[in-house]
Amino acid sequence: MMSCFPPCFDCHHGTFGSCRPTSLARDANKGPTTAAQVTVAFEGTITCEDKAAGIQEELAALAATNASEKAQKHVCVEEQAVVVTSDCPANLKLADVSEEVQAPSLANELDEEAGLPPLGVKWQVLYEQKPFSPKSLFPPLIWIPQYWRTYHGGIREEDRPYVGELPFSLKGDTIAGLTVGVMLVPQCLAFALLAGLPIQTGLYSSFLPLLVYALFGTMRQVQTGPTALMCLLTGQALDSLGVTTAGPRIAGATLMALLVAAISILLGMLRVGGVVNFISHTVLSAFSTAAGITILTSQIKDVLGIKIPRSKYWWETVKDLAKNLDKTHVPTLVMGLSILAVLLTLKYWKSAGSADKRRRHPLWRFLPKDKTSLPFRGLKLVADLSSLLAVLTGALWAWAYRAAGVDGVKLVGTVQTDGLTAGLPGKGYYSELMGDSTLFVSAATIAIVGFLESVAVGGKFAAMSKYIFDPNQELIALGLANLASSFVSGFPVTGGFSRSAVNVTFGATSLLSVVISSLLVLLAVYILLPAIALLPLASMAPIIMQGAIVFIDVHEFQVAFRSYPGELLVMIATLIVSLALTVKEGLLAGFVCSVLKTLYEIANPNLALVGEIQGNFRDMRYFPQAQQAPNAVVVRMDAQVHFANSGKLKDFVFKAVQVRESMGTKIDYAVIDGKSVNSIDLTGCQMLEGLAEALAGRKQKLVVANLKAPIAALLHTTGVQKHIQKYGGQLCLDLHEAMELITDPAADWGPAADKVSGLVETRGLVAKSPGGSMSPKARQAEPVGAATP
């Protein structure tokens, strides 16, 4: 009998081919075009060993005797046979093909009628790489025609992956772009201060980089620009370089953006966007938490109205704050805390959930609860534009203080009002800054973290609207955006969560919204810069603090504490190093700790003594009622078998045998369940050979069962199978078959060994077959019950 691998796409029963609901009478007339020995399973079994005409007669008779089932049947085509089922019943029997014949045209004929690709093509799709298209390097060539077709004739079928469930909308893009632009202006000013740069550089970093990203990005709803995390990393990197005055810091920031651009573009061109997956989620959570704490601490001085030097380390900032608490300026504190309280109230109200949750909340029940009501939508608009609200409120508050004769409120001060100017990155300080290797390390960190932040934001919204994006192209787009920033006295940028969320809320459907936002920033450069000098720092700091709170993730620490002690240690190490040094060193420490943890887990995998319960083999620690074989021990290792852990497996097998023997059981076989093994190296192969030899010295035999096909073929070609057989052991594809043979002293292991040998040819045919699909001859070598490759 043939194996049920892989499952049919339509009926989910095992057949290697296509399966389509169709009329039985029509399919019976087509039938196979060549002779074959076919068993047709349909609520019973009918066997026909005649030519194609005879098969057609049997199928027709079968249809006549099952008139009630005639309307719709499944015809499963396995290239050599037709299997007719009654809508795929549970007791489905597959056709038994005993001789190789030419592939019939039935499958392809059915596919042509249904407008589907031929049988072979369908399977190749699973393995084919997407062909390169020059348009992918300049996405507007793809999405602008789709935008046009949305309003003129409708989108085409080939547009579906790019459009998803988010049709283009000019109205939505315009409203979202204007809204985010108004939000971006005060934010980018505040983020420039966080990086320790002149405030106008925030505007410079929010115009041209956005335009460039719109030309090369693929995430349709992401709003790029300065973010709190990128500015923190940039500021700490500049602090590490020892530059404190405005000129060198701007030069250093532009060089940083240039290096970030180079690294991002290189990674994108090499198509290695997946390299960032080597940084674990737990490390990023701890890193983000440390960044949030650092950002919050750095802004407390502006809320208190005190002046302390900019420090390289978090603990130095805390020390300076503690020393100067007695110098707190009360009017500034009142302003700063009031604005921060309003921002946080609006933030948490906006994300409070359903109307029922709001009614039960002690505070939100007094605010609008119905999301369709005008008061709710009005307050939500205020919440979305809370950054602008903070700046305007602060400006009016500072004016009122001045009118009342209250002094001491610190303002932004002198701002360069020359407008947007272009210049070479690092101009005047190039040789001095480029000689420091820490600049390159910082740039690599910013490039990776920026890409992670952007893809985390854009990927979430892309998944929600079911459209595709290209991570490698995103690296290139972010790199080019940073390249643009470096030539206009800007600093590193990436996709921001809060602005992207507002972008989505107000209906953005394409990167046209980013273009509109950037144009608003350009207007601000030439219109608002003179007025910015009068803004109080106490109104800018709450904007940064509100964004920093998002990064602090206490929940992840709680989950790790309850369930993953190893992950908790990695998170604590990342947090401590980030706060003791800088977040750059913290991220590196977290990466190293997570790699060491992974290596430890690889070298110390889960090893289990298993027993049979209800036809499955389970870990005896969790299923003590499972039954063990009377003359064998069965062990399982849930990992790849290689040089780091093969010795552990060998020792565990011996220990399991000794424990069973100490209980008075005579052990004849040691069985390794290979269910979880998907790779084995030469050290692992040598271990199996040595284990078989050592067990033979104890008059015991080694059986390696439940093998995946590639592993079985590998053990055969490396000679491990012959070596194990030399000492009385065997390889077996199916664990149940192995247990039956073990319990029967007169059992013949020949067929089991032949199945393993047959997979050698199967493996070669799969490798040579287009798309990796299995050839007819190879499928005949695949035994029933074999582990899924």
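Residues numbered from 1 in each chain as written. Predicted model: local features only at pLDDT ≥ 70, side-chain atom pairs only at ≥ 80, totals over all residues. Heavy atoms only, no water.

Novice: For the environment of Gln625, give the residues involved together with the corresponding values.
Specialist: Take Gln625: it is sitting in the loop between strand 9 (616-619) and strand 10 (632-637). The spacing of Gln625 and Ile613 is 12 residues in sequence and 7.5 Å in space, taken between C-alpha atoms. (Helix = DSSP H or I, 4+ residues; strand = E, 2+ residues; numbered from the N terminus.)

Novice: Please provide a residue-by-residue account of the sheet that holds strand 12 (residues 701-705), values included.
Specialist: Strands sit in the order 9-8-10-11-12-13 across an open sheet of six strands; the sheet is mixed. Either end of the sheet is taken by a strand with one partner, and the two such strands are strand 9 and strand 13 (730-731). The sheet contacts of helix 29 (residues 682-697) involve strand 11 (669-673) and strand 12, and relative to strand 12 the element is tilted by about 145°. (Pairing = 2+ DSSP bridges. Contact = heavy atoms within 4.5 Å. Axes fitted to C-alpha atoms, helices over the stretch in contact; angles between N-to-C directions.)

Novice: Residue-level account of the environment of Val653, with values.
Specialist: Along the chain, Val653 falls in helix 28 (residues 646-662). Each C-alpha atom of the pair Val653 and Val671 lies 8.5 Å from the other, and the pair is 18 residues apart in sequence.

Novice: Account for helix 9 (residues 208-216), naming residues and giving values.
Specialist: Listed in full, the buried residues belonging to helix 9 are Pro209, Leu210, Val212, Tyr213 and Ala214. Residues of helix 9 that are buried in the fold lie against helix 5 (140-151), helix 7 (170-194), helix 8 (200-204), strand 6 (223-225), helix 20 (471-486) and helix 22 (512-527). (Buried < 20%, exposed > 50% of the residue type's maximum accessible area, 1.4 Å probe, protein only.)

Novice: Could you give me a rundown of the nonpolar core, with the residues and numbers involved?
Specialist: Membership of the largest hydrophobic core comes to 102 residues, with the highest contact counts inside it found for Leu189, Leu203, Tyr213 and Ile532. Here the element with the most residues in this core is helix 10 (residues 228-241); it accounts for nine residues. Contact partners of Leu203, with chain neighbours within four places excluded, come to Val185, Cys188, Leu189, Val521, Ala524, Val525, Leu529 and Ile532. Residues Val635, Ala670, Val677 and Val756 belong to the second largest nonpolar core, which totals 35 residues. (Core = buried A, V, L, I, M, F, W, Y, C linked by side-chain atoms within 4.5 Å.)

Novice: So what's going on with the pattern of salt bridges? Residues and values would help.
Specialist: If you walk through the whole model with that rule in mind, you get 17 salt bridges. Notably, a salt bridge pairs Glu165 with Lys466, separated by 3.3 Å at the nearest N-O pair. One end of the pair, Glu165, is in the loop between helix 6 (160-163) and helix 7; the other, Lys466, is in the loop between helix 19 (438-465) and helix 20, with 301 residues separating them in the sequence. Across the salt bridge formed by Asp239 and Arg310, the nearest N and O atoms sit 3.1 Å from each other. Residue Asp239 is located in helix 10, and its partner Arg310 is located in the loop between helix 12 (281-304) and helix 13 (314-323); the two are separated by 71 residues in the primary sequence. Residues joined by salt bridges that share partners form a network here, namely Asp239, Arg249 and Arg310. (Salt bridge = Lys/Arg side-chain N within 4 Å of Asp/Glu carboxyl O.)

Novice: Break down the pairing of strand 11 for me, with residues and values.
Specialist: Taken across its five residues, strand 11 has five buried, putting it largely inside the fold. Side-chain alternation along strand 11 places Tyr669, Val671 and Asp673 on one buried face and Ala670 and Ile672 on a second face that is also buried. Summarising the sheet, strand 10 and strand 11 pair through five bridges and their orientation is parallel. Directly across from Arg636, in strand 11, lies its bridge partner Asp673. Handedness of the β-α-β unit built from strand 10, helix 28 and strand 11 comes out right-handed. The pairing of strand 11 with strand 12 spans five bridges and is parallel. (Right-handed = clockwise from strand over helix to strand, strands pointing away.)

Novice: Go over the side chain of Thr218 with me, naming the residues and quoting the values.
Specialist: Summarising the element assignment, Thr218 is placed in the loop between helix 9 and strand 6. Look past the residues within four positions of Thr218 in its chain and what remains in contact with it is Pro139, Tyr213, Ile468, Phe469, Asp470, Gln473 and Glu474.

Novice: How would you sum up the side chain of Thr445? Please name residues and give values.
Specialist: With respect to the secondary-structure elements, Thr445 resides in helix 19. Excluding residues within four positions of it along the chain, Thr445 makes contact with Lys584 and Leu587.

Novice: Tell me about the pairing of strand 10, and name the residues and values.
Specialist: Judged by how many residues are buried, strand 10 sits mostly within the fold: six of six residues are covered. Side chains Ala632, Val634 and Arg636 project from strand 10 onto one buried face, and the interleaved Val633, Val635 and Met637 project onto a second face that is buried too. Looking at chain direction, strand 8 (residues 607-613) and strand 10 are connected through three bridges and run antiparallel. Paired with Leu609 across the two strands is Val635, which belongs to strand 10.

Novice: Which residues make up the packing of aromatic side chains, and what are the values?
Specialist: In this structure the tally under the stated criterion is nine aromatic pairs. Judged by centre distance (6.3 Å) and plane angle (50°), the ring pair of Trp143 and Tyr147 falls under tilted. Linking Trp143 with Tyr147, this pair stays in helix 5, spanning four residues, or about one helical turn. Each member of the pair, Trp143 as well as Tyr147, is classed as buried. Between the aromatic rings of Tyr313 and Trp315, the centroid separation amounts to 5.9 Å while the plane-to-plane angle is 5°, which identifies the pairing as stacked. Owing to a relative accessible area of 39%, Trp315 belongs among the partly exposed residues under this scheme. Within the aromatic cluster, the residues linked to one another by ring pairs are Trp143, Tyr147, Tyr151 and Phe168. The ring of Tyr467 has Arg220 lying over it, and the distance from NZ or CZ to the ring centre is 4.7 Å. Sitting over the face of the ring of Tyr348, Lys347 holds its NZ or CZ atom 5.9 Å from the ring centroid. (Phe/Tyr/Trp six-rings, centres within 6.5 Å; stacked < 30°, edge-to-face > 60°. Lys NZ or Arg CZ within 6 Å of the ring centre and 35° of its normal.)

Novice: So what's going on with the packing of helix 12 against helix 13? Residues and values would help.
Specialist: For the pair helix 12 and helix 13, interaxial distance at closest approach is 10 Å and the crossing angle is 30°. Classified by the interaxial angle, the pair formed by helix 12 and helix 13 is roughly parallel. Where helix 12 crosses over helix 13, the two elements pack in a sense that is left-handed. Facing helix 12, whose interface residues are Ile293, Thr294, Thr297, Ile300 and Lys301, helix 13 presents Trp314, Thr317, Val318 and Leu321. Its residues assigned to classes, the contact of helix 12 with helix 13 comprises five nonpolar, three polar and one charged. (Parallel < 35°, antiparallel > 145°, perpendicular 65-115°, else oblique. Left-handed = near helix turned anticlockwise from the far one by under 90°. Nonpolar A, V, L, I, M, F, W, Y, C, P; charged D, E, K, R; others polar.)

Novice: Let's hear about a nonpolar patch on the surface: which residues, and what values?
Specialist: A cluster of nonpolar side chains, contributed by Leu266, Leu270, Val272, Val275, Phe278, Leu588, Phe591, Val592, Val595, Leu596, Leu599 and Ile602, occupies part of the molecular surface with about 1000 Å² of accessible area. Broken down by element, the residue count for the nonpolar patch peaks at seven residues, all from helix 27 (residues 583-603). Tracing the backbone shows Phe591 in helix 27. (Patch = residues over 30% accessible without salt bridge, like charges linked within 9 Å, V, L, I, M, F, W, Y side chains within 5 Å. Areas by Shrake-Rupley, 256 points an atom, 1.4 Å probe, with all protein chains shown as cover.)

Novice: Mind laying out unusual backbone geometry, listing which residues take part and the relevant values?
Specialist: Phi is positive for Arg271, close to 60°, though the residue is something other than glycine. Along the polypeptide, Arg271 turns up in the loop between helix 11 (246-269) and helix 12. The backbone of Lys699 shows a phi angle near 60°, a positive value even though the residue is not glycine. Looking at the element boundaries, Lys699 is found in the loop between helix 29 and strand 12. We classify Lys699 as exposed; its relative accessible area is 75%.

So, to be careful, I would describe these as geometric facts and stop short of saying anything about function.
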